[in-house]
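Residue strings, one per chain:
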Amino acid sequence: MKILIVGSGGREHAIAWKAAQSKHVEKIYCAPGNAGISEVAECVPIGAMEFDRMVSFAKEKEIDLTVIGMDDPLVGGIVDKFEEAGLRVFGPGKNAAILEGSKAFAKNLMKKYHIPTAAYETFTSAEEALAYLETARLPVVLKADGLALGKGVLICETLSEAKKGVKTLMLDKKFGSAGNEIVIEEFLTGREVSVLSFVDGNTVRIMSSAQDHKRAKDGDQGLNTGGMGNFSPSPFYTEEVDAFCQKYIYQPTVDAMKAEGRPFKGVIFFGLMLTEDGPKVLEYNARFGDPEAQVVLPRLENDIIEVFEACIDGRLDEIELKFDNGRATVCVILASDGYPVEYKKGFPIKGLENFKGKEDYYVFHSGTKFDGNGRIVTNGGRVLGVTANGATLKEARENAYKAVEWVNFENQYMRHDIGKSVDEV
Ligand code: AMP
Ligand code: GLY
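Attention in this report is confined to the structure presented alongside it. (Residues numbered from 1 in each chain as written. Chains lettered and ligands numbered in written order. Predicted model: local features only at pLDDT ≥ 70, side-chain atom pairs only at ≥ 80, totals over all residues. Heavy atoms only, no water.)

1. Observations regarding helix α2 (residues 51–60)
Let me state the cut-off plainly: Burial here depends on accessible area, computed with a 1.4 Å probe over protein chains only, as a share of the maximum for the residue type. Under 20% is buried, over 50% is exposed, and the range in between is partly exposed. Per the convention used, a helix needs a DSSP run of H or I reaching at least four residues, while a strand needs a run of E reaching at least two, with both numbered from the N terminus. The reported arc concerns the directions from the helix axis to the C-beta atoms and nothing else. In what follows, residue pairs with any heavy atoms lying within 4.5 Å of each other are defined as contacts.
Of all the positions in α2, only Phe51, Met54, Val55, Phe57 and Ala58 are classed as buried. Take α2 and look down its axis: the buried residues cluster within an arc of 160 degrees, on one side only. Turned more than 90 degrees away from the buried face of α2, the exposed residues are Asp52 and Glu60. Elements in contact with the buried residues of α2: β1 (2–7), β2 (27–32), β4 (65–68), α3 (71–76) and α4 (78–84).

2. Some points on the packing of aromatic side chains
Threshold: Stacked, edge-to-face and tilted are the three classes for Phe, Tyr and Trp ring pairs, Trp counted by its six-membered ring, which pair at centre distances within 6.5 Å; planes under 30 degrees apart are stacked, over 60 edge-to-face, the rest tilted. For a lysine, the NZ atom is tested; for an arginine, the CZ atom; a charge sits over a ring if that atom is within 6 Å of the ring centre and within 35 degrees of the ring normal.
Using the criterion set out here, one finds 15 aromatic pairs in the structure. Geometrically, the ring pair formed by Trp17 and Phe364 is edge-to-face, given 5.7 Å between the ring centres and 75 degrees between the ring planes. With Trp17 in helix α1 (residues 10–19) and Phe364 in strand β19 (residues 361–365), the pair connects residues that are 347 residues apart, well separated along the chain. Among the residues examined, Trp17 registers a relative accessible area of 18% and is labelled buried. Given a relative accessible area of 2%, Phe364 falls into the buried group. Ring centres of Tyr250 and Phe270 lie 4.7 Å apart, and the angle between their planes is 55 degrees; on these two criteria the pair is classed as tilted. One end of the pair, Tyr250, is in helix α9 (residues 239–259); the other, Phe270, is in strand β16 (residues 265–275), with 20 residues separating them in the sequence. One exposure class covers both Tyr250 and Phe270, and it is buried. Aromatic rings pair up to connect Phe90, Phe198, Phe288 and Phe308 into one cluster. In this arrangement the basic side chain of Lys27 is found over the ring face of Tyr29, its NZ or CZ atom lying 5.0 Å from the centre. Over the ring of Trp406 we find Lys358, and its NZ or CZ is 4.5 Å from the ring centre.

3. Observations regarding the nonpolar core
Grouped burial of nonpolar side chains is what soluble globular proteins tend to show. As a reminder of what qualifies: Definition used in this section: a nonpolar core is a set of buried Ala, Val, Leu, Ile, Met, Phe, Trp, Tyr and Cys residues joined via side-chain atoms within 4.5 Å.
By size, the foremost hydrophobic cluster in this structure holds 51 residues, and its most contacted members are Leu4, Phe82, Tyr237, Tyr250, Leu272 and Tyr284. Sort the elements by how many residues they give to this core and α9 lands first, with seven residues. Apart from the residues lying within four places of it in its own chain, the contact partners of Leu272 are Arg191, Glu192, Val193, Val195, Tyr237, Cys245, Ile249, Tyr250, Lys280, Val281 and Leu282.

4. Regarding the state of the cysteines
Let me state the cut-off plainly: In plain terms, two cysteine sulfur atoms within 2.5 Å form what is called a disulfide here.
The tally for this structure, following the rule as stated, stands at zero disulfides. Looking at Cys43, it has no disulfide partner, and the nearest cysteine sulfur is the one in Cys30, 5.2 Å off. Overall, Cys43 belongs to the partly exposed group, its relative accessible area being 27%.

5. Structural notes on the sheet that holds strand β11 (residues 204–206)
The condition that has to hold: In short, DSSP must find at least two bridges between two strands for them to pair. Angular values range over 0 to 180 degrees, each being the angle between N-to-C directions of two axes fitted as lines to C-alpha atoms, with helices fitted over their stretch in contact.
The strand order across the open sheet built from four strands is β11-β10-β16-β17, with neighbouring strands paired in antiparallel fashion. One side of each edge strand has no neighbouring strand; the edge strands of this open sheet are β11 and β17 (278–285). Within the sheet, the average angular offset between the axes of one strand and its neighbour, ignoring direction, is 35 degrees. Judged from the seven bridges that link them, β16 and β17 form a sheet pairing that is antiparallel. Bridge assignment links Gly271 to a residue of β17, and that residue is Glu283. Of the strands in this sheet, β10 (191–200) and β16 touch helix α11 (residues 304–313), which is tilted by about 70 degrees from β10.

Next comes the structure, spelled out in structure tokens:
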């Protein structure tokens, strides 16, 4: 089969790497891809939002299956374009990707179908939002309705901060039209767990759990980022938690989407908070997480192409997912200093060859490119995801932090405590 993967980050690198192991795959393309992805796929310079060019390319190369990694094209309807052209594609259509594309939609769905989540109200008027805040309990959480690169969520400790937040989102439009509507919700406390799942419209099969570190600095300080590292599985995702989520969250979400005439096929990422009152949904994403894919896919034992195909054909009930559950995986993101605000690009990366031939160690590229002279240089805020397996979480963490020493680039920045808090409980 010929496969096309759409996206350019560490997540797409992990998907391409996993797809390259499939016995069904003869050739992989990635658009636009990055320097690391080019080791397993031919990268083509087509932007993820250039739907017509993407469809033409898939037709010309007779691509058998396209896999969409990123949220923007999914929410924008790339799957519908491929399907209209008679091409096979893995991912939700536009009417289902709204599960991620609109937080107000997701919250209203959960309310209607009694799926546990934080109490909330939605607002399209800044005036009404400000009036509501006067009586809201603090801290309070403000969320821009639309996609905002994971930055449209503000946790406000004081009333004046919350008022400023409403102004930033709704009046100053810091995230553009994403702030036309906002969700104001109850602040939840507990452990956060990410659970990725495959969905075929009816059946849901969950992957091994993961735990993300979203804040930029050690000790969960600093700004929220796309994710500075993570690990899998989460020791807090117990059998009891799983049984609850299967019954009250996963299947009810898939059934709700179907009942709304928006059957979901693809990956649903359940962002959960394990509160004292039980697990609650913080958010849904309509795709693999980044870097969650980097820690979950290395331990997936199935042929991923067979799983994608089963989702598309509505045969996921025939598939049992298998994970190497005796082991753990840790991914440490090497970022450019200054991320997520401002950072420089273009620094040469040294030492990537040290990962060659080393089982249990991976370097997934998030933001890299070739500089024209064959050198690989930094090309983003998140640059590399240095990932390692181990017999235990502790061993995986030690391995990952050993492996970060193998590479270096100017302006390098990382957190030193990925997976650490877990040992301390
Ligand atoms: P989201 O994009 O909705 O996942 O929000 C980004 C991050 O904000 C989450 O990973 C949480 O750490 C935090 N967050 C979101 N909603 C809440 C909430 N209701 N209570 C506490 N923290 C939250
Ligand atoms: N790591 C969080 C996300 O992919 O949204």
